[in-house]
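Residue-level structure breakdown
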Amino acid sequence: MIRPPCGATLAAEMTILPIVPYPDPRLNSAATPVTTFDTALATLAADLLETMRAAPGIGITAPHVGIGLRLVVIALPADGQVRTYVNPHIEWASPETARFEEGSVSMPGVSADIDRPARVRVRYQDLTGAARVEDADGMLAVCLQHEIDQLDGLFWTRRLSRLKRERVVRRFEKLRRAA
């Protein structure tokens, strides 16, 4: 453990990054796998957490801030635990589905219900590069699928029918004009 000099404190330098707004084309680009596990990656994860909390949101990816890397940060309100996933991919999804309301930090103020598999198994790496596997259900399963879609260049509105997608986009445009 690093101890600061007597009377001093260690301050975590976290930055709120600018969020890429919908309909920026970068939101439709697949992210590149992370290959370097260093302090820069850990700093980016901390900055994503700070940015997500300021948005506010419960999940964010590096592409949401214009960085094309496969990095996800999730913090569910139910447990407050911060989860970081590097290079995640869904290994298995249940045939049973669940419906949850979804939205995006890149498209604030609008949301819609989306049906997704109720349970998933995700293979990923942690910030040190160690391989991990996690089984998830409920809100965590939804968040993982939503954010992994974003890493794959699939913005959440593309999971909606054309009619519902058009309604969501119109609502968002109306909110932006009113702001």
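Described in the following lines is the structure provided in the data block. Keep in mind the model is a prediction, meaning the values are calculated, not measured.

Before going further, it helps to spend a moment on the pairing of strand S7 (residues 131-137). Note: strand S6 (residues 119-125) against S7, seven bridges, orientation antiparallel. Of the residues in S7, the one forming a bridge with Tyr 124 is Arg 132.

Our focus in this paragraph is the sheet that holds strand S1 (residues 59-61). Taken in spatial order, the five strands line up as S1-S2-S3-S6-S7 in an open sheet, and their pairing is antiparallel. Looking at which strands have only one partner, the edges of the open sheet turn out to be S1 and S7. Across the sheet, the mean angle from the axis of one strand to that of its neighbour is 40 degrees, orientation sign disregarded. Of the strand pairs in this sheet, strand S2 (residues 71-75) and strand S3 (residues 82-93) are connected by five bridges, and their pairing is antiparallel. Across the sheet, residue Leu 71 finds its bridge partner in S3, namely Val 86. Packed onto the sheet, helix H1 (residues 39-54) meets S1, S2 and S3 and runs at close to 45 degrees relative to S2.

With that settled, the discussion passes to the pattern of salt bridges. Evaluation of the coordinates by the stated rule reveals 13 salt bridges. Among the ionic pairs, Arg 26 bridges to Asp 24, the shortest N-O distance being 2.9 Å. Of the residues examined, Arg 26 reaches a relative accessible area of 43% and is grouped as partly exposed. Where Arg 159 meets Asp 149, a salt bridge forms, and the shortest distance between an N and an O atom there is 2.8 Å. Of the two residues, Arg 159 is situated in the loop between helix H2 (138-151) and helix H3 (162-178) and Asp 149 in helix H2; the sequence distance between them amounts to ten residues. A relative accessible area of 9% places Asp 149 in the buried class. Here the residues in one salt-bridge network are Glu 102, Arg 116, Asp 149 and Arg 159, joined through shared partners.

Its location among the elements puts Arg 116 in strand S5 (residues 107-117). The buried category is assigned to Arg 116, whose relative accessible area is 4%. In this structure the side chain of Arg 116 is engaged in a polar contact, spanning 2.7 Å, whose partner is the side chain of Glu 102. At 3.0 Å, the side chain of Arg 116 forms a polar contact with the side chain of Asp 149. Excluding its chain neighbours within four sequence positions, the residues that come into contact with Arg 116 are Glu 96, Thr 97, Ala 98, Glu 102, Val 142, Gln 145, His 146, Asp 149 and Arg 159.

Another point: the packing of aromatic side chains. Considering all chains together, one arrives at four aromatic pairs under this definition. With a centroid separation of 6.0 Å and 80 degrees between ring planes, the pair formed by Tyr 22 and Phe 172 is classed as edge-to-face. With Tyr 22 in the segment before H1 and Phe 172 in helix H3, this pair connects stretches of sequence that are 150 residues apart. Across this residue pair, the class does not change: Tyr 22 and Phe 172 are buried. Their ring planes at 50 degrees and their centres at 6.5 Å tell us that Phe 155 and Trp 156 sit as a pair that is tilted. Each of the two residues, Phe 155 as well as Trp 156, counts as buried. Among the aromatic residues, those joined into a cluster by ring pairs are Tyr 22, Phe 155, Trp 156 and Phe 172.

About the cut-offs
Residues numbered from 1 in each chain as written. Predicted model: local features only at pLDDT ≥ 70, side-chain atom pairs only at ≥ 80, totals over all residues. Heavy atoms only, no water. Pairing = 2+ DSSP bridges. Helix = DSSP H or I, 4+ residues; strand = E, 2+ residues; numbered from the N terminus. Axes fitted to C-alpha atoms, helices over the stretch in contact; angles between N-to-C directions. Contact = heavy atoms within 4.5 Å. Salt bridge = Lys/Arg side-chain N within 4 Å of Asp/Glu carboxyl O. Buried < 20%, exposed > 50% of the residue type's maximum accessible area, 1.4 Å probe, protein only. Polar contact = N/O pair within 3.5 Å; in protein donor to acceptor, adjacent residues only side chain to side chain. Phe/Tyr/Trp six-rings, centres within 6.5 Å; stacked < 30°, edge-to-face > 60°.

Take it as geometry only, folks, not as evidence of what the structure does.
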